[in-house]
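An overview of the molecular structure
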Amino acid sequence: MDGLRITEDAPERYAQKRKEQEMRSAYIRKIANYILAGCMAALLLFRCYAYVGDRIEARNLLRQAKTIELAIRLTGIEYYGYGSSPYDSSQFSGLKEEAEKEIRERSTAEGEIRVLSWEEERNTPVCFVYQEGEFLVTYRREQGKDPTWEVGRLQNIIATGEMPGNDR
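Residue numbers run consecutively from 1 along every chain, following the written order of its sequence. In view of the model being predicted, local features appear only for residues whose pLDDT reaches at least 70, and side-chain atom pairs are presented and counted only at 80 or more, with totals across whole chains, interfaces and linings using the full set of residues. In computing side-chain values, all of the structure's heavy atoms are included and hydrogens and water are not.

Quick look at the overall build of the chain
Rules: Strands are runs of DSSP state E lasting at least 2 residues, helices are runs of H or I lasting at least 4, and numbering of each runs from the N terminus. Using C-alpha atoms as the atom set, the radius of gyration is obtained and then compared with a globule rule of 2.2 Å times the number of residues to the power 0.38. The classification of residues rests on relative accessible area computed with a 1.4 Å probe and restricted to protein chains. Under 20% of the type maximum is buried, over 50% is exposed, and intermediate values are partly exposed. Any two residues having at least one pair of non-hydrogen atoms within 4.5 Å are treated as being in contact. Per-residue and other accessible areas follow the Shrake-Rupley method at a 1.4 Å probe size, with only the shown protein chains counted as cover for residues. We count Lys and Arg on the positive side and Asp and Glu on the negative side, and we leave His and both chain ends out. Charge placement uses NZ in Lys and CZ in Arg. For Asp and Glu, CG and CD serve respectively.
Counting its secondary structure elements, the chain contains two helices and four strands. Helices (α) and strands (β) of the chain occur, in sequence order from the N terminus, as α-α-β-β-β-β. A compact globule built from 168 residues would reach a C-alpha radius of gyration of about 15 Å, whereas the chain, at 33 Å, exceeds it by more than 25%. Projected onto the principal axes, the alpha-carbon positions of the chain cover approximately 115 × 40 × 25 Å. Within the chain, buried positions represent 23% of all 168 residues. Summarising the internal contacts of the chain: among those between residues at least 6 apart in sequence, 38% fall at separations of at least 24. About 13200 Å² of surface is accessible on the chain, with carbon and sulfur atoms providing 54% of the total. Taking the 25 positively charged and 28 negatively charged side chains of the chain as two groups, their mean positions are separated by 9 Å.

Topic: the environment of Q91
Structurally, Q91 is set in the loop between α1 (10–81) and α2 (97–107). Residues Q91 and R114 lie 23 residues apart in sequence; the distance between their C-alpha atoms is 9.3 Å.

Digging into α1
Rules: Given the number of residues in a helix, its expected span is that number minus one, multiplied by 1.5 Å.
In this model, α1 (72 residues) spans 106 Å end to end at C-alpha, consistent with the 106 Å of a helix rising 1.5 Å per residue. On its buried face, α1 is in contact with α2, β1 (112–119), β2 (124–132), β3 (135–140) and β4 (148–153). Downstream of α1 by a residue or two, G83 has a phi angle that is positive, lying close to 75°.

Structure below.
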């Protein structure tokens, strides 16, 4: 029994070591909690920043789409004076080429404009969409109601195969 020495102060030393270990563990837990809280706060701030950024961009696009709608109406009035319509369903954009150029000049639109339906009587758009980047603005006007505007974000959920612009 040479290796085992029992002394009177052994329980006190054991208690002291145990207390030191508990204090070290508490300190490590405290630091881990601070790191976790910091990571959570950073994630929350990032999400808030992204949300606010998206809202600002969506509002800018809505403003741009409203300018496009005004330009389409002005062009419609101009064409009405000539006894014509800027709407051309055979074109991809739904507008005659000259009319589309005029609308782009008046509104400084950079995205893609598609007029989906046209009211011949008033020579105004009933529905059109405007896409710039990953945002899509939809305009609809129903008889006797205020026009509605919707701004959405386009997001690929699944992308397979090789597509232009698909850098994944």
